[in-house]
Amino acid sequence: GENVEQHPSTLSVQEGDSAVIKCTYSDSASNYFPWYKQELGKRPQLIIDIRSNVGEKKDQRIAVTLNKTAKHFSLHITETQPEDSAVYFCAASIPGTYKYIFGTGTRLKVLA
Amino acid sequence: GAVVSQHPSWVICKSGTSVKIECRSLDFQATTMFWYRQFPKQSLMLMATSNEGSKATYEQGVEKDKFLINHASLTLSTLTVTSAHPEDSSFYICSAQPTGVIGEKLFFGSGTQLSVL
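Parameters at a glance
- Residues numbered from 1 in each chain as written.
- Chains lettered and ligands numbered in written order.
- Predicted model: local features only at pLDDT ≥ 70, side-chain atom pairs only at ≥ 80, totals over all residues.
- Heavy atoms only, no water.
- Disulfide = S-S within 2.5 Å.
- Helix = DSSP H or I, 4+ residues; strand = E, 2+ residues; numbered from the N terminus.
- Buried < 20%, exposed > 50% of the residue type's maximum accessible area, 1.4 Å probe, protein only.
- Salt bridge = Lys/Arg side-chain N within 4 Å of Asp/Glu carboxyl O.

Caption draft 1: Highlighting the state of the cysteines. The tally for this structure, following the rule as stated, stands at 2 disulfides over all chains. A sulfur-sulfur separation of 1.9 Å characterises the disulfide bridge that pairs A:Cys23 with A:Cys90. Measuring handedness by torsion sign, the sulfur bridge of A:Cys23 and A:Cys90 sits at about -100° and is left-handed. Of the two residues, A:Cys23 sits in strand β3 (residues 19–25) while A:Cys90 sits in strand β9 (residues 86–93), which places them 67 residues apart along the sequence. Its relative accessible area of 1% is what places A:Cys23 among the buried residues. On the basis of relative accessibility, which here comes to 0%, the residue A:Cys90 falls in the buried class. One disulfide bridge connects B:Cys23 with B:Cys94, the sulfur atoms lying 2.0 Å from each other. Note on the B:Cys23 and B:Cys94 pair: the S-S dihedral is about 80°, so by sign convention the disulfide is right-handed. Of the two residues, B:Cys23 is situated in strand β3 (residues 19–25) and B:Cys94 in strand β9 (residues 90–97); the sequence distance between them amounts to 71 residues.

This is the structure in structure tokens:
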């Protein structure tokens, strides 16, 4: 079945620097890859997503890249701000179902 | 965006009691909803898929008699933790996907922190 690995588990960056979080997936038929941001005790919020027919998507300071051949996708946050501090989860769709498999999460801390 | 409401947000109960958690999609219909469990500093673990009008499908290792799921309408799914014990204490989150094409966005409820004494 689908397996998603996420790295790093924790990431500290200085305010204004960029942050990159990487995920790999195992099922080449997966075709949808969302990223969620979760603040402590709150619900995960979708921040960006990408489908398998696209290689890159950008939304202001956030971008996601997808390499289907290598089966990995990455989240890029530029000009980080303290409010970007949270746990970020990647996910991959399980082909033919409504399910997603989530990565193990990355705790991002942006230092002021 | 679509809104998913989850209640209660937190609950404290005595060991042996049952607790019901509701998940509602407020502005869309959801044939399928999902229930997750999340331990501190860990990822979302899918427990079961709730299907409107039919039985829920449970992930491996999740006791269906322990975690009862009912999805009686296109906007409401409930999770009942029966005979709760301290080890059931956790953060439970639901999610819903607008009825339609597989692979559409998931929207999450606000979560329920369950503490069993």
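Caption draft 2: Representation of the pattern of salt bridges in the model. Counted by the stated rule, this structure contains 6 salt bridges over all chains. A salt bridge links A:Asp84 to A:Arg61, with the shortest nitrogen-to-oxygen separation between them at 2.9 Å. Here the residue A:Asp84 occupies a position in the loop between β8 (72–77) and β9, and A:Arg61 occupies one in the loop between β6 (56–59) and β7 (62–67), the gap between them amounting to 23 residues. Here B:Asp88 makes a salt bridge to B:Lys66, at a shortest N to O gap of 2.7 Å.

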